[in-house]
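# Commentary on secondary and tertiary structure
Residue strings, one per chain:
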There are 2 protein chains.
Amino acid sequence: MAKAPKANAVVGQSGGPTGVINASLVGVIEEAHKHPEIENLYGAIHAVEGMAKDEFIDLKKLSADTLKEVAASPCSALGSSRKKPNEEFCAQILDVFKKSDRNIRYFFYIGGNDSANTAHILNMIADKENFDIRAFHIPKTIDNDLLVTDHCPGFGTAAKFEACALMGDDLDNRSLPGIKIDVIMGRHAGFLTAATALGKTRDDDGPHLVYVPERPVSMDKFLSDVDAVYKKLNRCVITVSEGICDADGIVWAEKLKEGVETDAHGNIQLSGTGALADFLAQQVKDNLKVKRVRADTFGYLQRSFAGLQSAVDVDEARRCGREAVKLAMEHDNGSVAIKRLGNGKDYAVELFRTELSSVAEKTKSMPDEFINSEGNGVTKAFIEYAMPLTGGLPKTHYLGNYPRI
Amino acid sequence: MAKAPKANAVVGQSGGPTGVINASLVGVIEEAHKHPEIENLYGAIHAVEGMAKDEFIDLKKLSADTLKEVAASPCSALGSSRKKPNEEFCAQILDVFKKSDRNIRYFFYIGGNDSANTAHILNMIADKENFDIRAFHIPKTIDNDLLVTDHCPGFGTAAKFEACALMGDDLDNRSLPGIKIDVIMGRHAGFLTAATALGKTRDDDGPHLVYVPERPVSMDKFLSDVDAVYKKLNRCVITVSEGICDADGIVWAEKLKEGVETDAHGNIQLSGTGALADFLAQQVKDNLKVKRVRADTFGYLQRSFAGLQSAVDVDEARRCGREAVKLAMEHDNGSVAIKRLGNGKDYAVELFRTELSSVAEKTKSMPDEFINSEGNGVTKAFIEYAMPLTGGLPKTHYLGNYPRI
């Protein structure tokens, strides 16, 4: 391994925002200050788009106070991009990096599996061109669907949002009983929907039913599940991933959308944001004859809400940013991953380097041990896995179950 | 005025939950402990329904630790009800109060204008029957639409939610630019929708357009407003009250629902939770030819989210609960109201008694001075009015506007 070159570095933030992607950015900045090999640290505006357009800001100039505020801010402080660069676009980026006044030899990219792939492609093309670039991926996603790493920065904060949302929503449903359906982000992996169960402390706390994309559910099964809970508790709170499938494996939301295309009367709403929630609510109303049925689709708040970070998540995201810079002093490329060393009260992690190719393009689903046998709830193993990542949840108290006098 | 009787008291929580309705409950409990005139304090399960069914719990037995957790919990810890009791139902309640083992002579009711009316009716019927009951209303609503009081407990916490939501959503929209539409609770009063603007600190922060029910807006005006912002900033964040009206004064959401009734093809989704958001998004897509248009409907999270109280709101809600009990030692009936004594850094309030009839059944709208002349935003006067009630907002930092190097 050659000595780390004295050159400039670039960092970018890619894909959907999270609550702690800026903490990773601050980690990169803090660590870069410690290594004289990194002369300038450029922040790429809107990720690879800014890199290709030579559009950068100077990150080494930022004060400690500014960094503190940045780390506490949700979403991508540098702006993001959904672009998945092909080889041609990567070559364009490398042309900017090679310019004598840029001389960028370090590439740090905070994002999901597509971002790991971008780092991978960029690294391969640079190799072919004999251009020494050190390319690192820093994991980020609310979906928690990256391979290798135990969990992903961004998930803990989003999980805290889901838990707090359902703690409140369940108390709301206790106040005014009925059936409530909440549709949660996560098309392929159910981790975030599963996190809605993290705030349950009382035996009859909701969500009483949790449906993840990993387990298909027929409408008959769904309705009979809801009916059973409602008959027992006179209320029912349900969380459903936006990606849940029918028994035939086809995603419900897609089926609804197809309804649009075959409908000459312009029923555009079935592909709208609330379509799945409204469809499920209507099925419950029609089939179970329950009067008070409500449905919400949580939407973008789940990844962007300000002032609701998990302290554990912030800390780990920051450490991942730092680790990438440290690794770049010793390695040519890599992706930062998290290993869990202890759980519960002994929760602790260490970071390690993994290959870009082992993270690029692939995704992880919920393991079987996290989903109950009925396919309508989470297991204790999931709660133990996810709880430490939230950094702790608020306590609530309900009096309606107290003995009557 | 007769001396306050030595007897039992009841407290109930009515209507839609808020983030601090339990703080008011705890205020009642704390103050009741101080007055030997109040022997037992009964908590009515599900408000007037529990009162009519003689279903109570013992609130004087709760420990300080329990009260602390209750005050920190969103939604109604005793359960709520939407029932608006008529004279007959009130007579039924009084029959329970009169039972020798109940002997309830103090009635505390936490709720909105309907709850003030319930207290009013109950008091009048008791008067007719020569039954000495002291009936008090404690204000609660996220909509902030009660008369007399400067503002209403519950609004500050919901306003904090809206502000944090939009601070995050605006940063999300900066990260991945496009047009974003958020539909906010509040059918008749625009205070909550206006609160989405409280987190704005930078010149180009969103929401860039805010539409409240107090100002009708035609589709042409809406689209031209959005177009103007989008042309200037290449993005646009819009908040819209669920109760906004078309230029003819008819509520948009109702128009969409009528579309359902005249549609033989079962387009049920137009009356769904996301209908208004989806409709507005489709109008923008079709007419402004913008590719990235997203829409969310915030739903029940706005009133129930756990762990996100405004400290100022909690304190005032608690004080309102205490004040009702204090007033009951001196008066026959009344509603607690808030008077603002100073603003900004000198923000302070005092509480006073107002007549039940002055609060009952009526509602307040946003005053003209809080809405800009274009009818698409809020004024500095509104920000100054609402900001202290949030108890402070998180700080965020965006780097994408920094000078390029």
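Everything discussed here concerns the structure shown above.
Below: a short report on this structure. In this convention, every chain numbers its residues from 1, walking through the sequence in written order. Chain A is the first chain written and ligand 1 is the first ligand written, with later ones labelled in order. Totals for whole chains, interfaces and linings use every residue, but because this is a predicted model, local features are given only for residues with pLDDT of at least 70 and side-chain atom pairs only at 80 or more, for both listing and counting. Note that water and hydrogens are dropped before the side-chain values are worked out from all heavy atoms of the structure.

### Some remarks on the sheet that holds strand β4 (residues 104-111) of chain A
All names here are of chain A. To keep it simple, the criterion reads: Here a strand pair is declared whenever DSSP counts at least two bridges between the two strands. Helix numbers and strand numbers start at the N terminus; a helix is a DSSP run of H or I with at least 4 residues, a strand a run of E with at least 2. For helices, the fitted axis covers only the stretch in contact; all axes are lines through C-alpha atoms, and the angles between them, taken along N-to-C directions, range from 0 to 180 degrees. Contacts: residue pairs with any heavy atoms within 4.5 Å of one another.
If you trace the seven strands from one edge of the open sheet to the other, you get β3-β2-β1-β4-β5-β10-β11, paired in mixed fashion. Each edge of the open sheet carries a strand with a single partner, namely β3 (56-58) and β11 (348-354). Strand-to-strand, the axes of this sheet are offset by a mean angle of 30°, without reference to chain direction. Pairing between strand β1 (residues 7-13) and β4: six bridges, direction parallel. When the bridges of β4 are listed, Gln13 appears paired with Ile110. Against the sheet, helix α5 (residues 113-128) contacts β4, β5 (134-139) and β10 (333-342), and its axis sits at roughly 160° relative to β4.

### Description of the pattern of salt bridges
Residue and element names in this part refer to chain A. For the record, the criterion: One side-chain nitrogen of Lys or Arg within 4 Å of one carboxyl oxygen of Asp or Glu is enough to make a salt bridge. Burial here depends on accessible area, computed with a 1.4 Å probe over protein chains only, as a share of the maximum for the residue type. Under 20% is buried, over 50% is exposed, and the range in between is partly exposed.
Counted according to the given criterion, the structure contains 60 salt bridges over all chains. Measuring nitrogen to oxygen at the nearest pair gives 2.9 Å for the salt bridge that ties Asp225 to Lys221. Here Lys221 and Asp225 lie together in helix α8 (residues 219-233), a separation of four residues that amounts to about one turn. Exposure remark for Asp225: the relative accessible area of 8% places this residue in the buried category.

### Thoughts on the environment of B:Ile38
Residue and element names in this part refer to chain B. Relative to the elements of secondary structure, Ile38 occurs in strand β2 (residues 38-44). Sequence separation between Ile38 and Glu316 is 278 residues, and the spatial gap between their C-alpha atoms is 23 Å. The residues touching Ile38, leaving out its near neighbours within four places in the chain, are Ala7, Ala9, Ala32, Lys60, Tyr106, Phe108, Val325 and Met329.

### A look at unusual backbone geometry
Residues and elements named next belong to chain A. Gly206 connects to Pro207 through a cis peptide bond whose omega is 5°. Here Pro207 is to be found in the loop between α7 (191-194) and β7 (209-211). Although it is not a glycine, Val148 sits at a positive phi angle of roughly 75°. Note on placement: Val148 falls in the loop between β5 and α6 (155-175). Looking at Val148, the relative accessible area reads 40%, which means it is partly exposed.

### Quick notes on the relation of the copies chain A and chain B
Spelled out, the test is: Superposition of the copies was done by least squares, using only C-alpha atoms of residues whose pLDDT is at least 70 in both.
Taken as rigid bodies, chain A and chain B are interconverted by a rotation of 180° and an axial shift of 0.0 Å, the fit giving an RMSD of 0.0 Å. Here the symmetry operator amounts to a two-fold rotation axis. Closest approach to the rotation axis among the C-alpha atoms of chain A is made by A:Gly274, whose C-alpha sits 2.2 Å away. When the interface residues of chain A are mapped onto chain B, 100% of them again fall at the interface, so both copies present the same face.

### A short note on the packing of helix α1 (residues 21-33) of chain B against helix α3 (residues 64-72) of chain B
Residue and element names in this part refer to chain B. As a reminder, the rule being used: The hand of a helix crossing depends on one turn: near helix anticlockwise from the far one by less than a right angle means left-handed, and clockwise means right-handed. Lys, Arg, Asp and Glu make up the charged group, whereas Ala, Val, Leu, Ile, Met, Phe, Trp, Tyr, Cys and Pro make up the nonpolar group; the residues left over, Gly among them, are polar.
Between α1 and α3, the shortest axis-to-axis distance is 7 Å and the interhelical angle comes to 145°. Crossing handedness for the pair α1 and α3: left-handed. Where α1 approaches α3, its residues Asn22, Ala23, Leu25, Val26 and Ile29 are matched on the opposing element by Leu67, Val70 and Ala71. Tallied by class, residues from the contact of α1 with α3 come to seven nonpolar, one polar and no charged.

### As for helix α8 (residues 219-233) of chain B
Because the α-helix completes a turn every 3.6 residues, residues three or four places apart line up on one side. Residues and elements named next belong to chain B. Note the threshold: Under the convention used throughout, the expected extent of a helix is 1.5 Å for every residue step, that is, one less than its residue count. Working note: the arc is built from the helix axis to C-beta atom directions.
Taking 1.5 Å of rise per residue, the 15 residues of α8 would be expected to cover 21 Å, and the 21 Å separating its terminal C-alpha atoms lies within 8% of that figure. Of all the positions in α8, only Met219, Phe222, Leu223, Asp225, Val226 and Val229 are classed as buried. Mapping the buried residues of α8 onto a view down its axis gives an arc of 160°, with all of them on the same face. α8 presents Asp220, Lys231 and Lys232 as exposed residues on the side facing more than 90 degrees away from its buried surface.

### Here we look at the nonpolar core
Which entries qualify depends on this criterion: By nonpolar core we mean a set of buried residues, namely Ala, Val, Leu, Ile, Met, Phe, Trp, Tyr and Cys, connected to one another through side-chain atoms within 4.5 Å.
Formed by 147 residues in total, the largest nonpolar core has its most connected members in A:Leu25, A:Leu59, A:Phe108, B:Leu25, B:Leu59, B:Phe108 and B:Phe382. Discounting chain neighbours no more than four positions away, the residues touching B:Phe382 are B:Phe191, B:Ala194, B:Ala195, B:Leu198, B:Met366 and B:Phe370.

### Observations concerning the pairing of strand β1 (residues 7-13) of chain B
Residue and element names in this part refer to chain B. Here is the rule we go by: Note on handedness: a clockwise path from strand one over the helix to strand two, with the strands aimed away from the viewer, defines a right-handed crossover.
Burial runs high along β1: seven of the seven residues are buried. Where β1 lies against β2, four bridges are found, and the strand directions are parallel. Each residue of the ladder has a partner; that of Val11, found in β2, is Gly43. Of the crossover connections in this fold, the one passing from β1 over α1 to the parallel β2 is right-handed.

### Observations concerning the side chain of B:Asp225
Threshold: Contacts described as polar in this section are N or O atom pairs within 3.5 Å, which, within protein, must combine one atom able to donate a hydrogen with one able to accept it, while residues neighboring in sequence count only if both atoms come from side chains.
Within the structure, the side chain of B:Asp225 is placed 2.6 Å from the side chain of B:Tyr211, a separation counted as a polar contact. Every residue in contact with B:Asp225, bar those within four places of it in the chain, is listed here: B:Leu209, B:Tyr211, B:Glu374 and B:Asn376.

### A word on the packing of aromatic side chains
Formally: Any two rings among Phe, Tyr and Trp, with Trp reduced to its six-membered ring, count as a pair given centres within 6.5 Å; such a pair is stacked if its planes are under 30 degrees apart, edge-to-face if over 60, and tilted if neither. Whether a charge lies above a ring is judged from NZ of Lys or CZ of Arg, which has to be within 6 Å of the ring centre and within 35 degrees of the ring normal.
For the structure shown, the criterion picks out 29 aromatic pairs over all chains. Arranged with centres 5.7 Å apart and planes meeting at 55°, the rings of A:Phe161 and A:Phe305 form a pair that is tilted. Here A:Phe161, found in helix α6, pairs with A:Phe305, found in the loop between α11 (301-304) and α12 (311-328); they are 144 residues apart in sequence, far enough to count as distant. On the basis of relative accessible area, A:Phe161 is assigned to the buried category, the value being 1%. A relative accessible area of 6% means that A:Phe305 is categorised as buried. A ring pair is formed by B:Phe107 and B:Tyr109, whose centres lie 5.2 Å apart and whose planes are at 35°; its orientation type is tilted. In textbook terms, an aromatic cluster arises when at least three aromatic residues are bridged by ring pairs, as seen for A:Phe155, A:Phe191, A:Phe370, A:Phe382 and A:Tyr385. In this structure, B:Lys98 packs its charged tip against the face of B:Phe131, placed 5.7 Å from the ring centre. Positioned above the aromatic ring of B:Tyr398, the side-chain terminus of B:Arg174 is 4.8 Å from the ring centre.

### A closer look at the interface of chain A and chain B
Note the following rule: When two components associate, each loses some accessible surface as probed by a 1.4 Å sphere; the sum of these losses over both components is called the buried area.
The partner chain B presents 78 residues to the 78 residues of chain A that form the contact. Across the interface of chain A and chain B, roughly 6300 Å² is buried in total on both sides, 61% from carbon and sulfur atoms. Joining chain A to chain B, the criterion identifies six salt bridges. For A:Glu55, the salt bridge identified is with B:Arg404, shortest N-O distance 2.9 Å. Here chain A is connected to chain B by 28 residue pairs in polar contact (both at pLDDT 80 or more). Taken together, the elements giving at least two residues each to the side of chain A that touches chain B come down to β3, α3 (64-71), α6, α10 (275-288), β9 (293-297) and α11 of chain A. Here the side of chain A that touches chain B takes 10 residues from α6(A), the largest share from any one element. In the side of chain A that touches chain B, the residues fall into 37 nonpolar, 25 polar and 16 charged.

### Considerations on helix α6 (residues 155-175) of chain B
With 21 residues, α6(B) ought to run about 30 Å at 1.5 Å a step, and its terminal C-alpha atoms sit 30 Å apart, in line with that. With 21 of its 21 residues buried, α6(B) lies for the most part within the structure.

### Things to note about empty space enclosed by the protein
Note the cut-off: Space inside and on the surface of the protein is sampled on a 1 Å grid over the protein atoms alone, with a cavity defined as a set of points where a 1.4 Å probe fits but cannot get out and a pocket as an open set with protein on both sides within 12 Å along at least 5 of 7 lines; lining residues have an atom within 4 Å of a point. Grid points are joined across faces, edges and corners, and a volume is the space filled by probe spheres set on the points.
The full count for this structure, using the stated rule, is six cavities of 30 Å³ or more. If you add up the space inside the largest cavity, you get close to 70 Å³. In terms of lining, the largest cavity is formed by 13 residues, of which the most central are A:Gly19, A:Thr157, A:Arg303, A:Ser304 and A:Phe305. The set of elements that each furnish at least two residues to the lining of the largest cavity consists of α6 and α11 of chain A. With four residues, α11(A) is the single largest residue contributor to the lining of the largest cavity. Residue composition of the lining of the largest cavity, by class: six nonpolar, six polar and one charged. Here the second largest cavity is characterised by a volume of approximately 60 Å³. As for the second largest cavity, its lining consists of B:Gly19, B:Ile142, B:Gly154, B:Thr157, B:Ala158, B:Phe161, B:Leu301, B:Gln302, B:Arg303, B:Ser304, B:Phe305 and B:Leu308.

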